[in-house]
Amino acid sequence: MATAPLTASLTETLSKALNDKFYFGNILTKAQEVAALNPVFWGDSLEIYVTKDGSNDVSEWEDRSVFNRSVSQSVSSEKPTYVGNGFGSKGSFKDGELDLDPEPFNFTSDFAIGCWFKQDELTQFRFPIGVWGSTGSRSFGIRNGSSGAGIQFAVSHDGSTQSNTAITDKPIVAGEWYFGFGWHENGVQIGFRMWDIRGREIGVEQLDPHTTGVFNSTAPFRVGGHTSEWNGEVGDVYVFDKLLTSEEQQKLLDYSLDSIAHEGFISELGMEVVFNLVEQTQISEMGLEIIFNEV
């Protein structure tokens, strides 16, 4: 039976769907797509990247970016517990803090941070990720707002005065996973987005025109803490010394959700995530083929 030629619109749709999926003829995995974004820190919660000391206590969490930095327990913090299947088919760490000390980034221009987190009980001013120094040190982080009712991206030029006055707390529910992504566009604005475990954005992108300059804090880069340890779990963590487009932010989200849809982490929601992706491609049968080939 003869087949109709591809229409221009279908060709364009297929081309768009496959954009950034190939490199010199090879299909990129989702992990390779993340690596191609060149994070300056990439803490993946896969078990092979977590060092344990004979128990379930985490002693070190390795950076998957080209910089090969090690995030280790500080002397003053509680050692987190490793949860083998805490984040889909990946592990997570719980109720503790790991530090990168001294903090190496010393951002002088644009930067962005993101992480997956789950909080057992909503508690104010807890940080799943951040650099928050004492008064006089410039700081940033994703954290609970006052009373713990929501999550915000906070920045400060002195470790005390907060500079996200136009960004309200995004609501969260205790015991649920979320992905938060905040950025600082030097001299222009700061912004924050957040998604739930189904890949749905919470609220809308929020911006604040107030910026605070170079973030050369002497405090450690902390995963799972600030003055008090994060009371919950932390999954994948990312730090960039640049801004990311919405499409690039989506690559981070897709990479992490990939471990959830395959492994029944959220059972009936797993297929919901896949079919939402198919819907977004707008290429029906071919969309299914592309999605399940990646699986």
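How each quantity is defined
- Residues numbered from 1 in each chain as written.
- Predicted model: local features only at pLDDT ≥ 70, side-chain atom pairs only at ≥ 80, totals over all residues.
- Heavy atoms only, no water.
- Helix = DSSP H or I, 4+ residues; strand = E, 2+ residues; numbered from the N terminus.
- Buried < 20%, exposed > 50% of the residue type's maximum accessible area, 1.4 Å probe, protein only.
- Contact = heavy atoms within 4.5 Å.
- Areas by Shrake-Rupley, 256 points an atom, 1.4 Å probe, with all protein chains shown as cover.
- Core = buried A, V, L, I, M, F, W, Y, C linked by side-chain atoms within 4.5 Å.
- Pairing = 2+ DSSP bridges.
- Salt bridge = Lys/Arg side-chain N within 4 Å of Asp/Glu carboxyl O.

**Q** So what exactly am I meant to see when it comes to the overall build of the chain here?
**A** A count of helical and extended segments in the chain gives 5 helices and 19 strands. Out of the 295 residues in the chain, the part that is buried amounts to 49%. Across the chain, every contact between residues at least 6 apart in sequence was considered, and the portion connecting residues at least 24 apart equals 62%. Surface summary for the chain: the accessible area is close to 13500 Å², and the carbon and sulfur share equals 50%.

**Q** In this structure, what is going on with the nonpolar core? I would like to understand it.
**A** Looking at soluble globular proteins, one finds that nonpolar side chains tend to be buried together. F117, F221 and V237 are the most contacted members of the largest nonpolar core, which has 37 residues in total. Top contributing element to this core by residue count: strand β10 (residues 111-119), with 4 residues. Of all hydrophobic cores here, the second largest spans 21 residues; its members include W42, F87, Y255 and I260.

**Q** Before we go on, may I ask you to explain the pairing of strand β19 (residues 232-240) in this structure?
**A** Consecutive side chains along a regular strand alternate between the two faces of the sheet. By the criterion of burial, β19 is predominantly enclosed, with 9 of the 9 residues buried. By the bridge criterion, 3 bridges tie strand β3 (residues 41-43) to β19 in an arrangement that is antiparallel. Across the sheet, W42 pairs through a bridge with Y238, a residue of β19. Sheet topology note: the strand β8 (residues 90-94)/β19 ladder contains 2 bridges and is antiparallel. The residue bridging F93 from the neighbouring strand is V234, located in β19. As defined by bridge partners, β10 adjoins β19 across 7 bridges and the pair is classed as antiparallel. Counterpart to G114 in the pairing with β19 is Y238.

**Q** Explanation requested: the pattern of salt bridges in the structure shown.
**A** Two side chains that carry opposite charge are able to pair once their charged atoms sit near each other. Taken as a whole, this structure holds 12 salt bridges when the rule is applied. A salt bridge links D258 to K30; the nearest nitrogen and oxygen atoms lie 3.8 Å apart. In this pair, D258 sits in helix α3 (residues 246-263) while K30 sits in helix α2 (residues 30-36), placing the two residues 228 residues apart along the sequence. Take D258: its relative accessible area is 23%, and that puts it in the partly exposed class.

**Q** Help me understand unusual backbone geometry in this model?
**A** Outside of glycine, negative phi angles account for most residues, and trans bonds account for most peptide bonds. Between D101 and the following residue, P102, the backbone shows a cis peptide bond with an omega angle of 5°. Its place among the elements puts P102 in the loop between β9 (98-100) and β10. With a phi close to 45°, N106 is a non-glycine residue in the positive phi region. Note on placement: N106 falls in the loop between β9 and β10. Despite not being glycine, F125 has its phi angle at roughly 55°, a positive value. Mapped onto the fold, F125 is located in the loop between β10 and β11 (129-131).

**Q** Please clarify how the pairing of strand β13 (residues 150-156) should be interpreted in this entry.
**A** Taken across its 7 residues, β13 has 7 buried, putting it largely inside the fold. Here β13 shows a buried face lined by G150, Q152, A154 and S156 and a second buried face lined by I151, F153 and V155. Summarising the sheet, strand β12 (residues 139-144) and β13 pair through 6 bridges and their orientation is antiparallel. Of the residues in β13, the one forming a bridge with F140 is V155. Two successive antiparallel strands, β12 and β13, enclose a turn made up of 5 residues, where S147 displays a positive phi of approximately 75°. Sheet topology places β13 next to strand β14 (residues 170-171); 2 bridges connect them, and they run antiparallel. Directly across from I151, in β14, lies its bridge partner K170.

**Q** Help me understand the environment of F107 in this model?
**A** Of note, F107 is situated in the loop between β9 and β10. Given the relative accessible area of 4%, F107 is considered buried. Taking the C-alpha atoms as reference points, F107 and F240, 133 residues apart in sequence, are found 9.6 Å from one another.

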